[in-house]
Protein chains: 2
Amino acid sequence: MSRPSPLSGFPELLPADRIVEQRVISALAETFELYGFASVNTRAVEPLDQLLRKGETSKEVYVLRRLQAEAESSDSGLGLHFDLTVPFARYVLENAGKLQFPFRRYQIQPCWRGERPQEGRYREFWQADIDVIDRDDLPGHYEVELPLVIGDALAKLPIPAMRMHVNNRKLSQGFFQGLGIADPMAAVRVVDKIDKIGPSGVADLLAETVDATPDQVKACLALAEITSDDASFADRVRALGVSDPLLDEGLSELVDVVEAAAADAPGLVVADMRIARGLDYYTGTVYETFMSGYERLGSVCSGGRYDNLASDGKNRFPGVGLSIGVSRILVPLLGEGRLAATRQVPTCVLVALPSADSRRDCDAIARRLRSRGIATEVAPAAQKYGKQIRFAERRGIPFVLFPGVDGAPPELRDIRGGEQDTVDIDTWLPLEADRRPEIA
Amino acid sequence: MSRPSPLSGFPELLPADRIVEQRVISALAETFELYGFASVNTRAVEPLDQLLRKGETSKEVYVLRRLQAEAESSDSGLGLHFDLTVPFARYVLENAGKLQFPFRRYQIQPCWRGERPQEGRYREFWQADIDVIDRDDLPGHYEVELPLVIGDALAKLPIPAMRMHVNNRKLSQGFFQGLGIADPMAAVRVVDKIDKIGPSGVADLLAETVDATPDQVKACLALAEITSDDASFADRVRALGVSDPLLDEGLSELVDVVEAAAADAPGLVVADMRIARGLDYYTGTVYETFMSGYERLGSVCSGGRYDNLASDGKNRFPGVGLSIGVSRILVPLLGEGRLAATRQVPTCVLVALPSADSRRDCDAIARRLRSRGIATEVAPAAQKYGKQIRFAERRGIPFVLFPGVDGAPPELRDIRGGEQDTVDIDTWLPLEADRRPEIA
């Protein structure tokens, strides 16, 4: 075959970049586990009727067909999941009898959307989600806790600072219904477009779709202007003179989130009344997160509380979750060289090969190092030592071990500085920083 | 929606079983990295023409179509990969200029095949592969090394013993061509069916498809009978009186594999002349592995040397690889309860909640424990302590910490034995075995 070319929208990483991705994913998993989240992996496919419940993204679903199915157009009825929330809600319903509630889970997997690729938007992309789902009722303190878990997880990564913009669906809906707008959810969806179409676009659309009067439009736009790092947003919202019990509930819940975050993770969270999130299923706090200097990527970590996503009629499982766009964060940072690994292979020691017939002896040396957790490989061929050293250099392998020949003791060379000395194979240890490749 | 039911062929794990899977996958990755293999992840999809190069499995490919594509039958030209070898060969060709050869990589990902599900065969399944690919030529010592890496990786897992059956494609082809059979590869494919159709079925099929004479059939069946733990198979093959340069090459290569394995991993490898592997692309050593007591599952780890899979006409990248069927091994063992986790959540300590308004104090205690790597969560509600202890018990969380109230010191309870004593939150450490869930 001829040399293949990359597929647009399906980013793949070279080995050194993949090491960065591995470290990021395992750091995220480690933080999530520190908070007691259990790992769940769901299958890649869901029945189409599940995937299409969410409306908005249905157009981007990849549908599966078996190549040898009878008719050209006979779909399997299955599609690739486009996020991890819908599969998780299905998993909870399917296994409700076997799970303990409240159920804290994390899930790190690829998702697929057939949309047009652009920076930060891919057809295959990794997400890292945490959710807490409870049976019947979900205490509000989880809406306070989850952004702090995410803040902790992201702060441990060597990436630009994050700013999480938080709002509450009850606040928006309550405000719009207190204003007298007949379809408050429609208004939420319009205000969600403010970053794309601007305030005047929103004004026109509000008049058009929900018959908003000029005064109502003015109040909606005034609300969307309000942001604060602390609880002061609540007074500013109240100063707009709208009153509604749902608005009060939303204000109180959002104050809880903002105050806890201001105490535990100063600078992480900002209350922002323009955050709406287009998806219908959110019913409480909603979150969007922007990476400093990379705001153009859009939100890199979004989510919210959903009361009715997982429900089988008899039982309701309300939840709250946040989803980190791992690919959306990493692919641009890797592309710009802002993140790199200290080397491109796990190998810490290359055992040089004095002659072709010494391979079994060299394998035995490698085995002794590996038994103490030191990643080791043996040189591929008994070339001149200079060539074997270059083999290590090209991969960033820090140490070359020369087996002793004719009774001479083995020697170890640090190829970065060139120091070389005799070594005791059974006691020598690399510095912790050299043991395995890390993010530079 | 109504309660969803599982999809046949798409196994999903409950949280405790998922912990086992996580431990197995990370143990495999750790061993592979100890031997210097770098991680690669390829996208889930390949162009159909890539996937169909392999012929045999084309019928099982899942093809993708965008739901909103113009015509019902307008495929995207993409299919889900059915193994990790074909994507890796494509990745090597695509990135050849940016990789260092010989290139050692491991890859642990799901694969998909639209085949009829049965025990050990799924529509979505995880594979863990290692391969070494070189440019132009690949030294034979990698065919010796790779089965030993796999043997080491599998021996570290708490699963039944493995037995790897090894043959060499040159040996089989050389033998058949030395016998005078005109299409030796066709004969290889026939002999590969011996476990399914038996020796008499093979005899009939050899006569039918490659015009084998009764003497040739007899020799083929005699070859397929030969197995040995050591190099003695070579004399038994030679005693059949067939001579061919390719046969000699195959014998010598297989002797190297078997002798090294007998020395380094006694009992792992058996030379077995009936192993053929149906796939056309193998050109040297071929491997199949059976799990003791679970031979009915078929081979749980297969592979071989392939000289021509990754080639763009100008450049050739010969390789050798082995693929562990992670799902094929784990799903049956988990289903039978032969593998289980010590608990179903990562949480080591549950901080009990004395009252609803003490949540922020309890969060602070949890933070202190987490800062020393101890996975901690705070109880969901200020129920009676008996209920909070049962919350921990149901999840297998080993410790409950009761914050001191009214100046009393905090106390820690090991809920397995019920011992309870005062504790210093900033110095206490759990036993290593209790720190995180492990395979029981």
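Data block above holds the structure.
Rules behind the numbers
Residues numbered from 1 in each chain as written. Chains lettered and ligands numbered in written order. Predicted model: local features only at pLDDT ≥ 70, side-chain atom pairs only at ≥ 80, totals over all residues. Heavy atoms only, no water. Pairing = 2+ DSSP bridges. Helix = DSSP H or I, 4+ residues; strand = E, 2+ residues; numbered from the N terminus. Axes fitted to C-alpha atoms, helices over the stretch in contact; angles between N-to-C directions. Contact = heavy atoms within 4.5 Å. Least-squares fit on C-alpha atoms with pLDDT ≥ 70 in both. Buried < 20%, exposed > 50% of the residue type's maximum accessible area, 1.4 Å probe, protein only. Salt bridge = Lys/Arg side-chain N within 4 Å of Asp/Glu carboxyl O. Polar contact = N/O pair within 3.5 Å; in protein donor to acceptor, adjacent residues only side chain to side chain. Nonpolar A, V, L, I, M, F, W, Y, C, P; charged D, E, K, R; others polar. Parallel < 35°, antiparallel > 145°, perpendicular 65-115°, else oblique. Left-handed = near helix turned anticlockwise from the far one by under 90°.

S.K.: Talk me through the sheet that holds strand β17 (residues 420-422) of chain A; I want residue IDs and the actual numbers.
M.R.: Note: strands within a sheet are paired through backbone hydrogen bonds, in either parallel or antiparallel orientation. Residues and elements named next belong to chain A. The 5 strands are arranged β14-β13-β15-β16-β17 in an open sheet whose pairing can be described as mixed. This sheet does not close on itself; its edge strands, each paired only once, are β14 (376-378) and β17. Looking at each pair of strands side by side, their axes are set apart by 25° on average, direction ignored. Inspection of the sheet shows strand β13 (residues 349-351) paired to strand β15 (residues 399-402) by 3 bridges, in the parallel sense. If you follow Val349 over to β15, its bridge partner there is Phe399. On the sheet, helix α12 (residues 359-371) packs against β13, β14 and β15 and is oriented at approximately 175° with respect to β14. Its contacts with the sheet put helix α13 (residues 385-395) on β13, β14, β15 and β16 (411-414), and the angle it makes with β15 is roughly 150°.

S.K.: Summarise the relation of the copies chain A and chain B; cite the residues concerned and give the values.
M.R.: Overlay of chain A on chain B (RMSD 0.0 Å): rotation 180°, translation along the axis 0.0 Å. Here the transformation between the copies is reduced to the relation of a two-fold axis.

S.K.: Before we move on, can you summarise the side chain of Glu115 of chain A with the specific residues and values?
M.R.: As for its placement among the helices and strands, Glu115 of chain A is situated in the loop between β5 (103-112) and β6 (124-133). Setting aside residues no more than four positions away along its own chain, Glu115 of chain A makes contact with Glu60, Arg121 and Arg123 of chain A.

S.K.: Break down the pairing of strand β6 (residues 124-133) of chain B for me, with residues and values.
M.R.: All names here are of chain B. Burial analysis of β6 places 10 of its 10 residues in the buried class, the great majority of the element. Burial along β6 is two-sided: the face carrying Glu124, Trp126, Ala128, Ile130 and Val132 and the face carrying Phe125, Gln127, Asp129, Asp131 and Ile133 are both buried. The pairing of strand β5 (residues 103-112) with β6 spans 10 bridges and is classified as antiparallel. When the sheet's bridge partners are listed, Pro110 is paired in β6 with Trp126.

S.K.: So, the interface of chain A and chain B: which residues are in play, and what are the values?
M.R.: Counting residues at the interface gives 90 residues for chain A and 91 residues for chain B. Summed over the shared surface of chain A and chain B, the number is 8 salt bridges. Between Arg90 of chain A and Glu12 of chain B there is a salt bridge whose closest N-O contact spans 2.8 Å. Remark: the boundary between chain A and chain B carries 37 residue pairs in polar contact (both at pLDDT 80 or more). For the side of chain A that touches chain B, the residue count by class is 42 nonpolar, 21 polar and 27 charged. As defined by bridge partners, strand β3 (residues 62-66) of chain A adjoins strand β3 (residues 62-66) of chain B across 5 bridges and the pair is classed as antiparallel. Bridging across to β3 of chain B, Val63 of chain A finds its partner in Arg65 of chain B.

S.K.: Break down the packing of helix α5 (residues 169-178) of chain B against helix α8 (residues 214-224) of chain B for me, with residues and values.
M.R.: Packed helices, taken two at a time, are described by the angle between their axes plus the distance between the axes. Residues and elements named next belong to chain B. Contact pair α5 / α8: the axes reach a minimum separation of 11 Å and the direction vectors enclose 160°. On the basis of their axis angle, the class for α5 and α8 is roughly antiparallel. Handedness of the α5/α8 crossing: right-handed. Across the interface between the two elements, Leu171, Phe175 and Phe176 from α5 touch Ala219, Cys220 and Leu223 from α8.

S.K.: Report on the side chain of Ser299 of chain A, specifying residues and quantitative values.
M.R.: Residues and elements named next belong to chain A. Mapped onto the elements of the fold, Ser299 is located in the loop between β10 (285-291) and β11 (301-311). According to the relative accessible area criterion, Ser299 is buried, its value standing at 13%. In this structure the side chain of Ser299 is engaged in a polar contact, spanning 3.0 Å, whose partner is the backbone nitrogen of Thr289. A distance of 2.6 Å separates polar atoms of two side chains, one belonging to Ser299 and the other to Ser302. Not counting residues within four places of it along the chain, the set of residues in contact with Ser299 comprises Glu288, Thr289, Phe290 and Arg328.

Function cannot be read off these values alone, since they describe shape.
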